Amino acid sequence: MRMPTLFLSHGAPPLVDDPTWVAQLRDLAAILPRPKAILMASAHWESAPLMLGATETVPLVYDFGGFPQHYYEVQYRAPGAPVLADQVAALMPDGEPVARTRRGLDHGAYVPLTVMYPEADIPVLQMSLPTLEPDRLLDLGARLAPLRDEGVLIVGSGFTTHGLPFLRDWRPDAAAPGWSREFDAWAAETLARGAVDELADFRALAPGMPYAHPTIEHFAPMFLTLGASGTPDKAPDQPIDGFWMGLAKRSFVTA
């Protein structure tokens, strides 16, 4: 069975304490075919050329600060995916280098996986984002699409809005600012129309900019997901919506 592709709003480590978000992620995982391996591209790893993470063991990268100690003690001992790393490298064009590193999973990768696949028994590989440009990520995703026929779940992990500098209420149930609501509504409607060209031009077209994304790395993984779908202009399912701390946690799955 060909695997779908996912875009996940991953959230900060405390998002695993939100019962609504946890239930949504668990329900999402329950309707997916069980993957043979998972390829993660997180907003928190930008590196060119394309880099592939640890494959023998998969350590965690606690790439955050200011949280209670127990968030730094989380473990997710997933097996490595050396075969998947070789497959990814083989799909890249001649002349485009692929580097290897022992870097582990950052929180954009492991936080949602601890909820979706808590037994940590599926091989996981994290790859870097070698660019943030939507067109190039769409092309990269299209190159990775054949992995879906091998049972690989391709996941772009970011956040539908990520205007942290403009938040004033840091409670998990804080009301969403206007820029977050407006951008989220635009993203939902544009995805529903399959208007990938408009999505790619979000910096100019989307309401709520630049507040919703003062930097764009949390929206960029969406385009890898859409590219890997093979039909980026087809409307995806959007099973997760709503807000956390005022930020839109909309997530989607493509067929």
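Relevant structure appears above.
So, a few notes on the structure that sits alongside this text. Keep in mind that this is a model prediction, so the values were computed, not measured.

**Details of the overall build of the chain**
Right, on to step 1. Along the chain, the regular secondary structure elements total eight helices and ten strands.
Right, on to step 2. A compact globule built from 255 residues should have a C-alpha radius of gyration of about 18 Å, and the chain, at 17 Å, falls within 12% of that.
Right, on to step 3. Counting only C-alpha atoms and orienting by the principal axes, one finds that the chain spans roughly 45 × 45 × 35 Å.
Right, on to step 4. Considering the chain as a whole, with its 255 residues, one finds that 58% of them fall into the buried category.
Right, on to step 5. Partitioning the intrachain contacts of the chain with sequence separation of at least 6 by distance along the chain shows that 81% fall at a separation of at least 24.
Right, on to step 6. Charged side chains in the chain number 19 positive and 30 negative. The centres of these two groups are separated by 2 Å.

**Notes on the pattern of salt bridges**
Right, on to step 1. In total, this model carries nine salt bridges according to the counting rule given.
Right, on to step 2. In this structure, Arg103 and Asp106 form a salt bridge, with 3.2 Å as the shortest nitrogen-oxygen distance.
Right, on to step 3. Here Arg203 and Glu133 are joined by a salt bridge, their closest N and O atoms 3.3 Å apart. Residue Arg203 is located in helix H7 (residues 202-205), and its partner Glu133 is located in the loop between strand E5 (124-129) and helix H4 (134-144); the two are separated by 70 residues in the primary sequence.
Right, on to step 4. Counted as one network, the salt bridges with shared partners bring together Glu189, Arg193 and Glu198.

**So, the environment of Pro68**
Right, on to step 1. Mapped onto the elements of the fold, Pro68 is located in the loop between strand E3 (50-52) and helix H2 (82-91).
Right, on to step 2. It is 9.4 Å that separates the C-alpha atoms of Pro68 and Pro14, two residues lying 54 residues apart in sequence.

**Looking at the packing of helix H1 (residues 19-31) against helix H3 (residues 107-116)**
Right, on to step 1. At their nearest, the axes of H1 and H3 sit 8 Å apart, and the two run at 75 degrees to each other. Regarding the angle of H1 to H3, the classification is roughly perpendicular. Of the residues in H3, those touching H1 at Trp21, Val22, Leu25, Arg26, Leu28 and Ala29 are Val111, Pro112, Val115 and Met116.
Right, on to step 2. For the contact of H1 with H3, the per-class residue count stands at nine nonpolar, no polar and one charged.

Rules used throughout
- Residues numbered from 1 in each chain as written.
- Predicted model: local features only at pLDDT ≥ 70, side-chain atom pairs only at ≥ 80, totals over all residues.
- Heavy atoms only, no water.
- Helix = DSSP H or I, 4+ residues; strand = E, 2+ residues; numbered from the N terminus.
- Rg over C-alpha atoms; globule rule 2.2 N^0.38 Å.
- Buried < 20%, exposed > 50% of the residue type's maximum accessible area, 1.4 Å probe, protein only.
- Contact = heavy atoms within 4.5 Å.
- Lys, Arg positive; Asp, Glu negative; His and termini not counted.
- Charge placed at Lys NZ, Arg CZ, Asp CG, Glu CD.
- Salt bridge = Lys/Arg side-chain N within 4 Å of Asp/Glu carboxyl O.
- Axes fitted to C-alpha atoms, helices over the stretch in contact; angles between N-to-C directions.
- Parallel < 35°, antiparallel > 145°, perpendicular 65-115°, else oblique.
- Nonpolar A, V, L, I, M, F, W, Y, C, P; charged D, E, K, R; others polar.

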